[in-house]
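# Secondary and tertiary structure notes
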Amino acid sequence: MMHLQFLLFTVLAMLSMTSSAPWFCQGYDCPAFTAKDMGAYEIRDYKASNWVATSVQSHRPDPSSSQTKHMFRRLFHYIGGDNVKREHMDMAVPVLTKTERKGRGYNITMMFYLAEKDPPAPSKRGVFLVKKPAGKMFVRAFPTWWWPSNRYFRSELYEMKRAIGDSKLYDDSAYYKAGYNSPYDFMKRKQHEVWMDVKST
């Protein structure tokens, strides 16, 4: 009986540890944060994290389909061994796409989260490492069963800005789209988010 109780306690403890991660990470590594629910959005306090990134220039705030595939392929090759150590890394989440105004156009950067504390340098041009410092983000999540369009993301960004109210609280020069699902997750509930940096006071 004591042995059975011990096993039950162990299983419950393991489930408790597992449930501490957000459901949308789905067992993948994802950046650690604490969150404050504000109703229409969250304020997340992220720890420092490592990312691998690549960028393209665009006249529009969203990359073309070919640009998106090109950026994703570059980053996927990096975690598949296109780095100075030829190290293979597990896929992690989320995949971030950052859009920031640059002159009359936009600089668009796609990023893969890296769980490694000391990730190897990329071996291909156009791919670079990013060390995101600890900081706060405004985040609006909108789980769906389908893949939202770029216009849908922008409408969610608009709703978050409207809910925040004071534009002095956020950095309006850039925003992020975050995705947590494989393109082949046709039958799964999908987590989508828009992020903006909280301005430091």
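Please read all numbers here as calculations on a predicted model, not as lab measurements.

## Thoughts on the packing of aromatic side chains
Counted under the stated rule, the structure contains 13 aromatic pairs. Judged by centre distance (5.7 Å) and plane angle (80 degrees), the rings of Trp 23 and Phe 24 are edge-to-face. For Phe 24, a relative accessible area of 7% gives the class buried. Here Tyr 176 and Trp 195 contribute two aromatic rings whose centre-to-centre distance is 6.0 Å and whose plane-to-plane angle is 50 degrees, an arrangement assigned as tilted. One end of the pair, Tyr 176, is in strand β8 (residues 174–179); the other, Trp 195, is in strand β9 (residues 192–197), with 19 residues separating them in the sequence. Residue Trp 195 is classed as buried on the basis of its relative accessible area, which comes to 1%. In textbook terms, an aromatic cluster arises when at least three aromatic residues are bridged by ring pairs, as seen for Phe 33, Tyr 46, Tyr 176 and Trp 195.

## Describing helix α2 (residues 65–79)
Look at α2: 22 Å from first C-alpha to last across 15 residues, which is about the 21 Å you get at 1.5 Å a residue. Looking at the buried positions of α2, the neighbouring elements they touch are β3 (49–58), β5 (105–114) and β6 (128–132). Backbone geometry just downstream of α2 places Gly 81 in the positive-phi region, at approximately 130 degrees.

## A few points about the nonpolar core
Membership of the largest hydrophobic core comes to 17 residues, with the highest contact counts inside it found for Leu 96, Met 111, Met 137, Tyr 176, Tyr 180 and Trp 195. Every residue in contact with Leu 96, bar those within four places of it in the chain, is listed here: Trp 51, Thr 109, Met 110, Met 111, Tyr 176, Lys 177, Ala 178 and Trp 195. Formed by 13 residues, the second largest nonpolar core is a distinct cluster that contains Met 71, Met 89, Val 95 and Leu 114.

## Comments concerning the pairing of β9
Along β9, 5 of the 6 residues are buried, which leaves the element largely enclosed by surrounding structure. In this structure, strand β7 (residues 135–141) lies alongside β9, joined through 5 bridges in antiparallel fashion. When the bridges of β9 are listed, Arg 140 appears paired with Val 194.

## Comments concerning the state of the cysteines
Tallied over the entire structure, the rule returns 1 disulfide. The disulfide that involves Cys 25 links it to Cys 30, with 2.1 Å between the sulfurs. Because the torsion about its S-S bond is 100 degrees, the bridge between Cys 25 and Cys 30 counts as right-handed.

Reading the values: rules and limits
Residues numbered from 1 in each chain as written. Predicted model: local features only at pLDDT ≥ 70, side-chain atom pairs only at ≥ 80, totals over all residues. Heavy atoms only, no water. Phe/Tyr/Trp six-rings, centres within 6.5 Å; stacked < 30°, edge-to-face > 60°. Buried < 20%, exposed > 50% of the residue type's maximum accessible area, 1.4 Å probe, protein only. Helix = DSSP H or I, 4+ residues; strand = E, 2+ residues; numbered from the N terminus. Expected span 1.5 Å × (residues − 1). Contact = heavy atoms within 4.5 Å. Core = buried A, V, L, I, M, F, W, Y, C linked by side-chain atoms within 4.5 Å. Pairing = 2+ DSSP bridges. Disulfide = S-S within 2.5 Å.

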